[in-house]
Amino acid sequence: QVQLVESGGGLVQAGGSLRLSCAASGSIFSTNAMGWYRQAPGKQRELVATITNGGTPDYTDSVKGRFTISRDNARNTVYLQMNSLKPEDTAVYYCNCNARLRSWSSSRDYWGQGTQVTVSS
């Protein structure tokens, strides 16, 4: 099984920064894309950023230029550096990892428990 443990959330003032971390552990054969999603109160979950196994990032338009996703494949860890935070960034942030546990098995998505990010105005 795969466990994703997130950390780094908290309360920050508008314009501030936070760095989220998510470490995947377990019997992982390989990982593919990893990413961060978020869900604000009363809103649907939305994709924030993804990064391929090779390190190619992609971002939703609302965070481009402010957030940076990165990964450390040796540690099966994905990061989200969030700068110039805005109140509209307030949400629960969820880590996602697409991985397969065995060489012969299909890949699937695994999710972290979520970490709260609150940006005050």
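Predicted model, so just to flag it, every value in this text is computed and none were measured.

All right, on to the overall build of the chain then. Scanning the chain from terminus to terminus reveals 0 helices and 11 strands. Put simply, the chain runs from its N terminus to its C terminus through helices and strands in the order β-β-β-β-β-β-β-β-β-β-β. Its C-alpha radius of gyration of 14 Å places the chain within 12% of the 14 Å reference for a compact globule of 121 residues. Taken along its principal axes, the extent of the C-alpha atoms in the chain is 50 × 25 × 20 Å.

Counted by the stated rule, this structure contains 1 aromatic pair. The ring of Y37 carries the charged tip of R45 above its face, separated from the ring centre by 5.1 Å. The residue whose ring lies beneath R108 is Y110, and the NZ or CZ to ring-centre distance is 4.7 Å.

Once that is clear, we can look at the nonpolar core. Residues W36, L80, M82 and Y93 are the most contacted members of the largest nonpolar core, which totals 29 residues. Counting residues per element, the ones that place at least two in this core are β1 (2–7), β3 (18–26), β4 (30–39), β5 (46–51), β7 (67–72), β8 (77–82), β9 (91–100) and β11 (115–120). Broken down by element, the residue count for this core peaks at 5 residues, all from β9. If near-sequence neighbours (up to four positions away) are discounted, L80 is found in contact with L18, R19, L20, W36, V48, A49, F67, T68, I69 and Y93.

Taken as a whole and assessed by the stated rule, the structure comprises 5 salt bridges. The partner of R38 in a salt bridge is E46, and the shortest N-O contact between them spans 2.7 Å. When salt bridges that share partners are traced, they join R38, E46, R66 and D89 into one network.

Applying the stated criterion to the full structure yields 1 disulfide. The partner cysteine of C22 in its disulfide is C95, sulfur to sulfur 2.1 Å. Residues C22 and C95 are joined through a disulfide that is left-handed, its torsion about the S-S bond being -85°. Placement of the pair is C22 in strand β3 and C95 in strand β9, with a sequence separation of 73 residues. Summarising the burial analysis for this pair, C22 and C95 share the class buried. Here C97 stays free of any disulfide, with the sulfur of C95 as its closest cysteine sulfur at 6.8 Å.

Now for unusual backbone geometry. One non-glycine residue, N76, adopts positive backbone phi at about 50°. In this structure N76 comes out as partly exposed when scored by relative accessible area, which is 23%. Its identity is not glycine, yet S84 carries a phi of approximately 50°, on the positive side. Its location among the elements puts S84 in the loop between β8 and β9.

As a further point, take the side chain of D89. Along the chain, D89 falls in the loop between β8 and β9. Side chain to side chain, D89 and R38 meet in a polar contact 3.0 Å long. Reaching out from D89, the side chain makes a polar contact with the backbone nitrogen of K86 at a distance of 2.8 Å. With sequence-adjacent residues up to four places away left out, D89 is seen in contact with R38, R66, F67, S84, V117 and V119.

Conventions used here
Residues numbered from 1 in each chain as written. Predicted model: local features only at pLDDT ≥ 70, side-chain atom pairs only at ≥ 80, totals over all residues. Heavy atoms only, no water. Helix = DSSP H or I, 4+ residues; strand = E, 2+ residues; numbered from the N terminus. Rg over C-alpha atoms; globule rule 2.2 N^0.38 Å. Phe/Tyr/Trp six-rings, centres within 6.5 Å; stacked < 30°, edge-to-face > 60°. Lys NZ or Arg CZ within 6 Å of the ring centre and 35° of its normal. Core = buried A, V, L, I, M, F, W, Y, C linked by side-chain atoms within 4.5 Å. Buried < 20%, exposed > 50% of the residue type's maximum accessible area, 1.4 Å probe, protein only. Contact = heavy atoms within 4.5 Å. Salt bridge = Lys/Arg side-chain N within 4 Å of Asp/Glu carboxyl O. Disulfide = S-S within 2.5 Å. Polar contact = N/O pair within 3.5 Å; in protein donor to acceptor, adjacent residues only side chain to side chain.

Note that every value here comes from positions in space, so none of it alone points to a role or purpose.
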